[in-house]
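Now for the letters of each chain:
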Amino acid sequence: MKIQDIMTKTVDWIAPDMVLKDAAQKMKEDDVGFLPIGEDDKLIGMLTDRDIVLNCIAEGKNPAQLTAKEAMHEGVCYLLEDQSVEEAADNMARNKVRRMPVLNRDKRLVGVVSLGDIAACGEQDCAGRALEEIAKAA
């Protein structure tokens, strides 16, 4: 089974200059824990709820002034839509993440996939192995 068969295809991204307060509100409205950050039609980063807490709130910074680009974590891990579900789970385990953006071969954002998606499609063993790796101390 391919990632494109199980991914969530409706995914919004935010601009790098969006303030964290607005990004957090969008996460709440969309009921998600992360948002892709795009600039000039390219994925440049990811912002997680954890990034907001650790890189803003815990540092005593103002979420109405700090931008998504200033708080996002460095490096963009992603999957390609034509990769297998098993490859996706392995990639998530290796990068210690529970969800990843999905790009097409033109490097355009086309969706997002989570360990929950992998488990729900009948690949509980893959999802379980990935979660076990993710949960190990780095």
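Residues numbered from 1 in each chain as written. Predicted model: local features only at pLDDT ≥ 70, side-chain atom pairs only at ≥ 80, totals over all residues. Heavy atoms only, no water.

Attention shifts here to the pattern of salt bridges. Scanning the entire structure with this criterion turns up 4 salt bridges. Among the salt bridges present, the one from aspartate 30 reaches lysine 26, with a minimum N-O distance of 3.1 Å. Remark: lysine 26 and aspartate 30 occur in helix H1 (residues 20–30); sequence separation between them is 4 residues, near one turn of the helix. Classification of aspartate 30 as partly exposed rests on a relative accessible area of 33%. When the shortest N-O distance is used, the salt bridge between aspartate 82 and arginine 105 registers 3.0 Å. Placement of the pair is aspartate 82 in the loop between strand S3 (79–80) and helix H4 (85–95) and arginine 105 in the loop between strand S4 (99–103) and strand S5 (109–114), with a sequence separation of 23 residues. (Salt bridge = Lys/Arg side-chain N within 4 Å of Asp/Glu carboxyl O. Helix = DSSP H or I, 4+ residues; strand = E, 2+ residues; numbered from the N terminus. Buried < 20%, exposed > 50% of the residue type's maximum accessible area, 1.4 Å probe, protein only.)

Turning next to the sheet that holds S3. Across the sheet, which stays open at both edges, the 3 strands sit in the order S3-S4-S5 with mixed pairing between neighbours. In the strand order of this sheet, the two ends are held by S3 and S5, each with one partner. Summarising the sheet, S4 and S5 pair through 5 bridges and their orientation is antiparallel. Residue pairing for S5: valine 102 is matched across the bridge by glycine 111. (Pairing = 2+ DSSP bridges.)

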